[in-house]
Amino acid sequence: PMLRMGVGARALAMGGASVADAHDATAGYWNPAGLADGKCVSFASMYAAGMAQDRSFNYFGLGWTPSQVTNYGTFGISWLNSGIKDINKYTSGDFMGTFSDMNNVFIVSWAFKNEFKAKTFAFGLSLKVAQQKIADYSKTGFGGDAGIKFVVDPRPLPPHAQPGLGRRAVAH
């Protein structure tokens with residue numbers, strides 16, 4: 001569920017409709033192709049407090065374009081963390097103490113942008129490592145995302161069109 005919660009104030013305020021609009025350090029989560037719109041360095045973080053049952057949800061992301069002259073693309077790294085602490089453990093009705101549920105996802109992203117006939121096309125990939133630990137049980141999994149973004153009309157004010165397509169869990 002934590003990979004479906006969303007990150008970034010702007011994207012969450014738009015109800016998660018951010019696949020075509022992602023253009024900052026949160027793009028590694030929404031659509032890795034959006035990282036290609038980065039100009040230099042982008043940083044995003046989110047801390048969700050006050051969730052029910054001592055739940056936590058955190059996000060940190062960094063996007064970096066090494067050079068505006070040579071196009072090596074844009075790189076991103078993100079970390080998602082969620083968990084529930086102090087869960088009561090019972091065996092046959094007897095209280096046995098507490099345990100925690102902790103989830104971490106590490107995302108490494110890359111995006112490349114190219115212009116074609118005054119239109120901008122971007123492509124991006126993300127690789128994920130997910131770790132879950134519940135009490136004494138832990139598991140690690142791998143996955144990936146791919147995304148494209150095509151700017152039809154580059155004007156910054158409406159009307160403009162900017163379709164995007166993201167495919168989550170390309171591999172797992």
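Residues numbered from 1 in each chain as written. Predicted model: local features only at pLDDT ≥ 70, side-chain atom pairs only at ≥ 80, totals over all residues. Heavy atoms only, no water.

A. The arrangement of the side chain of Asn103 in detail. Along the polypeptide, Asn103 turns up in strand β4 (residues 94-116). Here Asp101 takes part through its side chain, which lies 3.5 Å from a polar atom of the side chain of Asn103. At a separation of 3.3 Å, a polar atom in the side chain of Asn103 contacts the side chain of Gln132. Setting aside anything within four residues of it in sequence, one finds Asn103 in contact with Met2, Leu80, Asn81, Ser82, Gln131 and Gln132. (Helix = DSSP H or I, 4+ residues; strand = E, 2+ residues; numbered from the N terminus. Polar contact = N/O pair within 3.5 Å; in protein donor to acceptor, adjacent residues only side chain to side chain. Contact = heavy atoms within 4.5 Å.)

B. The arrangement of the environment of Ala25 in detail. In this structure, Ala25 sits in the loop between α1 (9-13) and α2 (27-30). Given a relative accessible area of 2%, Ala25 falls into the buried group. Along the primary structure Ala25 and Gly76 are separated by 51 residues, whereas in three dimensions their C-alpha atoms are 6.9 Å apart. If sequence neighbours within four positions are ignored, Ala25 has contacts with Leu35, Ser42, Phe43, Ala44, Tyr59, Gly61, Leu62, Gly63 and Ser78. (Buried < 20%, exposed > 50% of the residue type's maximum accessible area, 1.4 Å probe, protein only.)

C. Quick look at the nonpolar core. Within the largest apolar cluster, 20 residues are counted, with the highest numbers of intra-cluster contacts made by Val7, Trp30, Phe57, Tyr59 and Leu80. Secondary-structure elements contributing two or more residues to this core are α2, β1 (41-48), β2 (55-64) and β4. Discounting chain neighbours no more than four positions away, the residues touching Tyr59 are Val7, Ala25, Thr26, Ala44, Ser45, Met46, Ser78, Trp79 and Leu80. (Core = buried A, V, L, I, M, F, W, Y, C linked by side-chain atoms within 4.5 Å.)

D. Quick look at the pattern of salt bridges. Under the counting rule described, the total for this entry stands at three salt bridges. For the salt bridge of Lys113 with Asp37, the shortest nitrogen-to-oxygen distance reads 3.7 Å. One end of the pair, Lys113, is in strand β4; the other, Asp37, is in the loop between α2 and β1, and 76 residues separate them in sequence. Asp37 is the salt-bridge partner of Lys149, the closest N and O atoms lying 2.7 Å from each other. Within this pair, whereas Lys149 is found in strand β6 (residues 137-151), its partner Asp37 is found in the loop between α2 and β1, the two being separated by 112 residues in sequence. (Salt bridge = Lys/Arg side-chain N within 4 Å of Asp/Glu carboxyl O.)

E. Up close: the packing of aromatic side chains. Tallying each qualifying case throughout the model produces five aromatic pairs. For the pair Trp64 and Phe75, a centre-to-centre distance of 6.3 Å together with 35 degrees between the ring planes defines the contact as tilted. Of this pair, Trp64 sits in strand β2 while Phe75 sits in strand β3 (residues 74-91), and the two are eleven residues apart along the sequence. Ring centres of Tyr90 and Phe95 lie 5.6 Å apart, and the angle between their planes is 65 degrees; this geometry places the pair in the edge-to-face category. Classification of Tyr90 as exposed rests on a relative accessible area of 52%. (Phe/Tyr/Trp six-rings, centres within 6.5 Å; stacked < 30°, edge-to-face > 60°.)

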